[in-house]
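# A structural walkthrough
Listed below are the residues making up each chain.
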Amino acid sequence: MSTAIRASDIRLKRAYEPPGPADGQRILVDRLWPRGVSKAEAKIDRWMKDLAPSSALRTWFAHDPGRWDEFRRRYRAELKQHASDMGELRRLARGGTVTLVYAARDEARNDAVVLRNALLGRPNR
């Protein structure tokens, strides 16, 4: 079995988009449940809230694009403190498609983007 995770096996999707058959395992990676989305609608297989940015980091970032580079650096540092959860997420991704579900409006600058790059061993970009 290959230990490499294929980029195509880690998808990103907003919690407000309908689940689809291509999603594979749907993993919510936010600390807070998405506002206005029922558990039945979300069809979340797993909620890995410990992999979400800390409340302090999330509050500091406040989805300010000017803080994006520093947010990525700080969040990657936080992820190093959750090696066990990261290992579990890597195991799931090696087993098939996973979709990292997030609530942020900004699809290019959010925690799921950073988490996906970390799983793929990509540098912050």
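Below or above, wherever it landed, is the structure these notes cover. (Residues numbered from 1 in each chain as written. Predicted model: local features only at pLDDT ≥ 70, side-chain atom pairs only at ≥ 80, totals over all residues. Heavy atoms only, no water.)

### Things to note about the side chain of aspartate 111
- By secondary structure assignment, the location of aspartate 111 is in helix α5 (residues 111-119).
- Excluding residues that lie within four positions of it along the chain, aspartate 111 makes contacts with Val29, Asp30, Ala52, Pro53, Phe71 and Tyr75. (Helix = DSSP H or I, 4+ residues; strand = E, 2+ residues; numbered from the N terminus. Contact = heavy atoms within 4.5 Å.)

### Things to note about the nonpolar core
- If you look at the biggest cluster of nonpolar residues, it comprises 27 residues, and the most contacted ones within it are Ile10, Leu89, Leu100 and Leu115.
- Within the residue set of this core, elements represented by two or more residues are α2 (55-61), α3 (68-79), α4 (83-94), β4 (98-102) and α5.
- No other element matches the 6 residues that α5 contributes to this core.
- Setting aside chain neighbours within four positions, we find isoleucine 10 in contact with Ile5, Ala93, Val98, Leu100, Arg116, Leu119 and Leu120.
- Ranked by size, the runner-up nonpolar core spans 6 residues in total, among them Ala15, Val37, Ile44 and Val101. (Core = buried A, V, L, I, M, F, W, Y, C linked by side-chain atoms within 4.5 Å. Buried < 20%, exposed > 50% of the residue type's maximum accessible area, 1.4 Å probe, protein only.)

### Some details on the sheet that holds β4
- An order of β1-β4-β2-β3 is seen for the 4 strands of this open sheet, with the pairing classed as parallel. Only two strands of the sheet have a single neighbouring strand rather than two, namely β1 (10-14) and β3 (46-47). (Pairing = 2+ DSSP bridges.)

### Focus: the packing of aromatic side chains
- According to the stated counting rule, one finds 5 aromatic pairs in the structure shown.
- Considering the side-chain rings of tryptophan 33 and tryptophan 47, the 5.3 Å spacing of their centres and the 75° angle between planes classify their relative orientation as edge-to-face. A residue pair is termed long-range when its members are at least 10 positions apart, and tryptophan 33 in the loop between β2 (25-28) and α1 (39-42) and tryptophan 47 in strand β3 qualify at 14 residues.
- Take tryptophan 33: its relative accessible area is 24%, and that puts it in the partly exposed class.
- Note on tryptophan 47: relative accessible area 30%, which makes it partly exposed.
- An angle of 25° between the planes, with centres 5.7 Å apart, marks the rings of phenylalanine 71 and tyrosine 75 as stacked. Of the two residues, phenylalanine 71 and tyrosine 75 both sit in helix α3, 4 residues apart, roughly one turn of that helix.
- The exposure class of phenylalanine 71 is buried, given its relative accessible area of 2%.
- Cluster of aromatic residues (ring-pair linked, three or more members): Phe61, Trp68, Phe71 and Tyr75.
- The ring of tryptophan 47 has lysine 49 sitting right over it, with the charged end atom 4.0 Å from the ring centre. (Phe/Tyr/Trp six-rings, centres within 6.5 Å; stacked < 30°, edge-to-face > 60°. Lys NZ or Arg CZ within 6 Å of the ring centre and 35° of its normal.)

Keep in mind these numbers describe shape, not what the thing actually does.
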